[in-house]
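Structural features, examined
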Amino acid sequence: MSRTFEHLLGRTLHAGIVVSTSLLALGLLLALTTPGAPADLLLHAGLLVLMATPMARVLLSCAEYVRQRDWLFAASALGVLIVLAVTIWQACLNA
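Residues numbered from 1 in each chain as written. Predicted model: local features only at pLDDT ≥ 70, side-chain atom pairs only at ≥ 80, totals over all residues. Heavy atoms only, no water.

Brief notes about the pattern of salt bridges
The condition that has to hold: Between Lys or Arg on one side and Asp or Glu on the other, a salt bridge is scored when a side-chain nitrogen of the former is within 4 Å of a carboxyl oxygen of the latter. Here a helix means four or more residues in a row that DSSP labels H or I, a strand means two or more in a row labelled E, and each is numbered from the N terminus. For each residue, the accessible area found with a 1.4 Å probe, counting protein chains only, is set against the maximum for its type, and the residue is called buried under 20%, exposed over 50%, and partly exposed in between.
According to the stated counting rule, one finds 1 salt bridge in the structure shown. Across the salt bridge formed by Arg 67 and Glu 64, the nearest N and O atoms sit 2.8 Å from each other. Note that Arg 67 and Glu 64 are positioned in helix α2 (residues 37-67) at a spacing of 3 residues, about one turn of the helix. We classify Arg 67 as exposed; its relative accessible area is 56%. Among the residues examined, Glu 64 registers a relative accessible area of 8% and is labelled buried.

Details of a nonpolar patch on the surface
The criterion, for reference: For patches, a residue must show more than 30% relative accessible area and have no salt bridge; joins then use 9 Å for like charges and 5 Å for nonpolar side chains, namely Val, Leu, Ile, Met, Phe, Trp and Tyr. Calculation of accessible area relied on Shrake-Rupley with a 1.4 Å probe; when residues are assessed, cover is drawn exclusively from the protein chains displayed.
Nonpolar side chains collect at one region of the surface, where Ile 17, Leu 47, Leu 48, Leu 50 and Met 51 lie side by side and expose about 380 Å² of accessible area between them. Since its relative accessible area comes to 37%, Leu 50 is described here as partly exposed.

Quick word on the nonpolar core
Threshold: Only buried Ala, Val, Leu, Ile, Met, Phe, Trp, Tyr and Cys residues count toward a nonpolar core, and they belong to the same one when joined by side-chain atoms within 4.5 Å. The contact criterion used throughout is that any non-hydrogen atoms of two residues lie within 4.5 Å.
With 6 residues, the main nonpolar core is built from Val 58, Cys 62, Tyr 65, Ala 74, Ala 77 and Leu 81. Going through the elements one at a time, α2 and α3 (71-93) are the ones with two or more residues in this core. The contacts of Val 58, once residues within four sequence positions are left out, are Ala 77, Val 80, Leu 81 and Leu 84.

Comments concerning the packing of helix α1 (residues 3-33) against α2
Quick reminder of the rule: Every axis in this analysis is a line fitted to C-alpha atoms, fitted for helices over the stretch in contact. Angles between the N-to-C directions lie between 0 and 180 degrees. An angle below 35 degrees is read as roughly parallel, one above 145 as roughly antiparallel, one from 65 to 115 as roughly perpendicular, and any other as oblique. Only Asp, Glu, Lys and Arg are considered charged, only Ala, Val, Leu, Ile, Met, Phe, Trp, Tyr, Cys and Pro nonpolar, and every remaining residue, Gly among them, polar.
Axis separation between α1 and α2 bottoms out at 7 Å; the angle between their running directions is 170°. By the angle between their directions, the pair α1 and α2 is classed as roughly antiparallel. Of the residues that constitute the contact of α1 with α2, the class distribution is 22 nonpolar, 7 polar and 2 charged.

A closer look at the confidence of the model for the protein chain
This is how it is decided: Every residue is assigned a pLDDT by the predictor, reflecting its confidence on a scale from 0 to 100.
Per-residue pLDDT for the protein chain has a mean of 92; in total, 98% of the residues score no lower than 70. Taking the mean pLDDT of every element in the protein chain, the minimum, 91, falls on α3 and the maximum, 95, on α1.

The structure is reproduced here in structure tokens:
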């Protein structure tokens, strides 16, 4: 993988962590001051972004492997992406 692609992955993971941390911090602050639906919404959104961050990394990797025509790694990344998607879907259903 190229350094440019690795830089893109790093920026994607960094952005996911920053957004997730911000949402969780705001939700926690709001929950401590005025508990209710808005705080719960922010906390749930923060957790979803946190769970989706690795998924974005795998999706980008899968696209890069397809671009490189590395079908074995593309299929492996797709399998991981499916497992992550099912896990997040189940977590949302049970929340």
